[in-house]
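# Structural characterization, general
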Amino acid sequence: MKTVDIHTHLLNPAVSFHRLYDKITIPLFARSLGADPKQLVQRPYETYVASMATSIRESQHVDKCCLFGVDVRLDERGREIDRDRTVCAMSEDVIAVARRHPDQFIPFFSINPRRPDALELIDRHMEDGCRGAKFLQNYWGVDLNDPRFIPYYEKIRQHNIPLIIHVGSEYSIDSFSQFEGIGMLDLPLACGVKVIAAHMGLGRLNHKLRFWRNLSKDPAHFDRDYFQLLEMLTQHPNLYADISAILAPMRARALRHLSKQTQVHDKLLFGTDYPVPFTVRFNSYDLPKQQRKQIGRVINPFDRYVAAISDYFPIDSPLYTNYMKLF
């Protein structure tokens, strides 16, 4: 089985791992990515790109990855006010990497709709070979239902490309939680855009006092957005959802339930959210201990992800071929 990973990230070319915290965690982080720890500290960006391309090339199950960065945060007048030093890679960076590794990467652009020249940039990046778009509106602090963005969505629809929109928790970057919800999909969908809801609307810390409920496999304690997304997937022909980062503990607990929602399996897409790390042995899913040990021995990070979800989505699942409906 070969598939396309619909959801992976390029890091900021200026990324640096020199904090004390980095020096402690990098050895574990690097191994999970299939990268050399020393090289990741000394030449972080180059090592990251090279190790990711190698992992894709050597993967038994992932043929290519859709790669994107995250545009900067802008104010209402389109002026830059924040550029995360880890996450914010520009679309030009993504295109350059995809040109160096055309057999491994499918470039997606990330263009903040507050940019005054956003529509021109869409056309330019499409000419440069981009095949989709990515929003991280919760980092940008942008309400996607603002009618000022309708021309942006119409441009996306005209190019007939998918738009990935973050839905659910965000802990890896400064985020405005009011822009993480399922409601952010409404206007893009109404404009006819092919929307991919990322992360299944899962992962929020909804239970503050009874904290253990955030890891419970009882659907009664799952996120409301998750159930609303399942319903919306049956109502909107232009809506899809990816399972990226679903192996994070506050999301993995829903895997068994999701595996039984066969009415939406023709709308689900395989994605990892690489390089977001995930635990195998200590997680909230219901895999037996011995199986977790076997999965933990898989060296390739993409194949390890497939191994962890294959009990829920076997290799003949449409999850691995639905990407063909988008390209």
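Residues numbered from 1 in each chain as written. Predicted model: local features only at pLDDT ≥ 70, side-chain atom pairs only at ≥ 80, totals over all residues. Heavy atoms only, no water.

Right, let's get into the sheet that holds strand 2 (residues 62-68). Within a sheet, each strand pairs with its neighbour through backbone hydrogen bonds, oriented either parallel or antiparallel. Reading across the sheet, the three strands line up as 1-2-5 and stay open at both edges, with parallel pairing between neighbours. Each of the sheet's edge strands pairs with one partner strand only, and the pair in question is strand 1 (3-9) and strand 5 (105-107). Neighbour to neighbour, the strand axes of the sheet diverge by 30° on average, direction disregarded. Examined bridge by bridge, strand 2 and strand 5 share three bridges and lie parallel to one another. Bridge pairing in strand 5 links Cys65 to Phe105. Across the sheet, helix 3 (residues 44-58) lies against strand 1, strand 2 and strand 5, angled at about 150° from strand 2, the strand it touches most. Across the face of the sheet, helix 4 (residues 91-100) comes into contact with strand 2 and strand 5 while running at roughly 145° to strand 5. (Pairing = 2+ DSSP bridges. Helix = DSSP H or I, 4+ residues; strand = E, 2+ residues; numbered from the N terminus. Axes fitted to C-alpha atoms, helices over the stretch in contact; angles between N-to-C directions. Contact = heavy atoms within 4.5 Å.)

Turning next to the packing of aromatic side chains. A complete count under the given rule lists 14 aromatic pairs for this structure. Measuring from centroid to centroid gives 5.2 Å for Phe278 and Tyr305, while their planes differ by 85°, and the two rings are edge-to-face. Linking Phe278 in the loop between strand 10 (268-269) and helix 12 (289-296) with Tyr305 in helix 13 (residues 301-309), this pair joins segments that are 27 residues apart in sequence. Both residues of the pair, Phe278 and Tyr305, belong to the buried class. In this structure an aromatic cluster arises from ring pairing among Phe135, Trp140, Tyr152 and Tyr153. If you follow Lys267 out to its NZ or CZ, it ends over the ring of Tyr240, 5.3 Å from the centre. (Phe/Tyr/Trp six-rings, centres within 6.5 Å; stacked < 30°, edge-to-face > 60°. Buried < 20%, exposed > 50% of the residue type's maximum accessible area, 1.4 Å probe, protein only. Lys NZ or Arg CZ within 6 Å of the ring centre and 35° of its normal.)

By themselves, these figures tell us nothing about what the structure is for.
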